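# Examination of the molecular architecture
Here is how the chains run, residue by residue.
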Amino acid sequence: EWDVTGLPDGAYCVAANMDQLSGPDAGDVSGLWYLDLTPPTVVKEVGYANMPCGEGEDCDFYVNTETPIWFSCEDETLDEFDWEMNAEIQVRVNGGDWEDYYDAWDPFYFEEDSEHTLEARCRFVEEYEDRTYEGKWSEVDEETFVVETEGPLFVEKTVGEPKVSG
């Protein structure tokens, strides 16, 4: 195992001579290695309809069961070097089991009215030949949602008569 303490994230060309380890026919080995020690960041987007909770309330958002929530995973090092890796995103509700979130085009929805704590985390995973690289997990993103399908939360209000010129 190599000690990479102090090295910044980036691409490194590594070369090793194997003559001393395996005999005179071992030869040289070289390759490009990518070092990414910085965990990614999970990004959450709460769609319509949502309303931030007020100051002093024990929640982050009011939503309903039709409010979509999308997740993605970002890593500045991967973006900088244009590395293609697969994001693994997991979510859990109210401290339950972590479940895989597969498709950024298919949003997450709460299924019932109540107060829910939603957590999300992500990492990058790459399969290469017979090896699998599993990156570090991001910090857990945690927010509390009050889910209300009925009630005064989402009310449209019209004041006065519309004015049309002409």
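Scroll up to find the structure.
Read on for an overview of the structure. (Residues numbered from 1 in each chain as written. Predicted model: local features only at pLDDT ≥ 70, side-chain atom pairs only at ≥ 80, totals over all residues. Heavy atoms only, no water.)

## Section: the overall build of the protein
For the protein, the count of helices and strands is two helices and eleven strands. Shown N-terminal to C-terminal, the secondary structure of the protein runs as helices and strands in the order β-α-β-β-β-β-β-α-β-β-β-β-β. Of all 166 residues assigned to the protein, the portion counted as buried reaches 30%. The long-range fraction of contacts in the protein, counting pairs at least 24 apart against all pairs at least 6 apart in sequence, stands at 61%. Approximately 12300 Å² of the protein is accessible, and the part contributed by carbon and sulfur atoms is 46%. (Helix = DSSP H or I, 4+ residues; strand = E, 2+ residues; numbered from the N terminus. Buried < 20%, exposed > 50% of the residue type's maximum accessible area, 1.4 Å probe, protein only. Contact = heavy atoms within 4.5 Å. Areas by Shrake-Rupley, 256 points an atom, 1.4 Å probe, with all protein chains shown as cover.)

## Section: unusual backbone geometry
The omega torsion of the bond from tyrosine 48 to alanine 49 falls at 5 degrees, within 30 degrees of zero and hence cis. Examined against the element boundaries, alanine 49 turns out to sit in the loop between β3 (41-46) and β4 (50-52).

## Thoughts on the side chain of histidine 116
Here histidine 116 is to be found in strand β9 (residues 114-128). A distance of 3.2 Å separates polar atoms of two side chains, one belonging to histidine 116 and the other to asparagine 94. With residues near it in sequence (within four places) discarded, histidine 116 still touches Val93, Asn94, Phe110, Glu143, Thr144, Phe145 and Val147. (Polar contact = N/O pair within 3.5 Å; in protein donor to acceptor, adjacent residues only side chain to side chain.)

## Things to note about a negative patch on the surface
On the surface, a cluster of negative charge is contributed by Glu111, Glu112, Asp113 and Glu150. Residue position: glutamate 150 is located in the segment after β11 (141-147). (Patch = residues over 30% accessible without salt bridge, like charges linked within 9 Å, V, L, I, M, F, W, Y side chains within 5 Å. Salt bridge = Lys/Arg side-chain N within 4 Å of Asp/Glu carboxyl O. Lys, Arg positive; Asp, Glu negative; His and termini not counted. Charge placed at Lys NZ, Arg CZ, Asp CG, Glu CD.)

## Notes on the pattern of salt bridges
Counted according to the given criterion, the structure contains five salt bridges. With its nearest N and O atoms 2.2 Å apart, the salt bridge here joins aspartate 141 to lysine 44. Here lysine 44 lies in strand β3 and aspartate 141 lies in strand β11, a separation of 97 residues in the sequence. A salt bridge links glutamate 88 to arginine 123, with the shortest nitrogen-to-oxygen separation between them at 2.9 Å. Taken together, the positions of glutamate 88 in strand β7 (residues 86-93) and arginine 123 in strand β9 put the pair 35 residues apart, joining distant regions of the chain.

## Thoughts on the environment of threonine 132
Turning to its location among the elements, threonine 132 is positioned in strand β10 (residues 131-134). Those residues in contact with threonine 132 that sit more than four places away from it in its chain are Val125, Glu126 and Glu127.

## Considerations on the state of the cysteines
One covalent bond between the sulfur atoms of two cysteine residues makes up a disulfide. Using the criterion set out here, one finds two disulfides in the structure. A sulfur-sulfur separation of 1.8 Å characterises the disulfide bridge that pairs cysteine 53 with cysteine 59. Classification of the bridge connecting cysteine 53 and cysteine 59 rests on its S-S torsion, roughly -115 degrees, and on that basis the disulfide is left-handed. Exposure remark for cysteine 53: the relative accessible area of 14% places this residue in the buried category. Between the sulfur atoms of cysteine 73 and its disulfide partner cysteine 122 the distance amounts to 2.2 Å. Residues cysteine 73 and cysteine 122 are joined by a disulfide whose S-S torsion is about 75 degrees; by sign, that bridge is right-handed. In this pair, cysteine 73 sits in strand β6 (residues 69-74) while cysteine 122 sits in strand β9, placing the two residues 49 residues apart along the sequence. Residue cysteine 73 is classed as buried on the basis of its relative accessible area, which comes to 14%. (Disulfide = S-S within 2.5 Å.)

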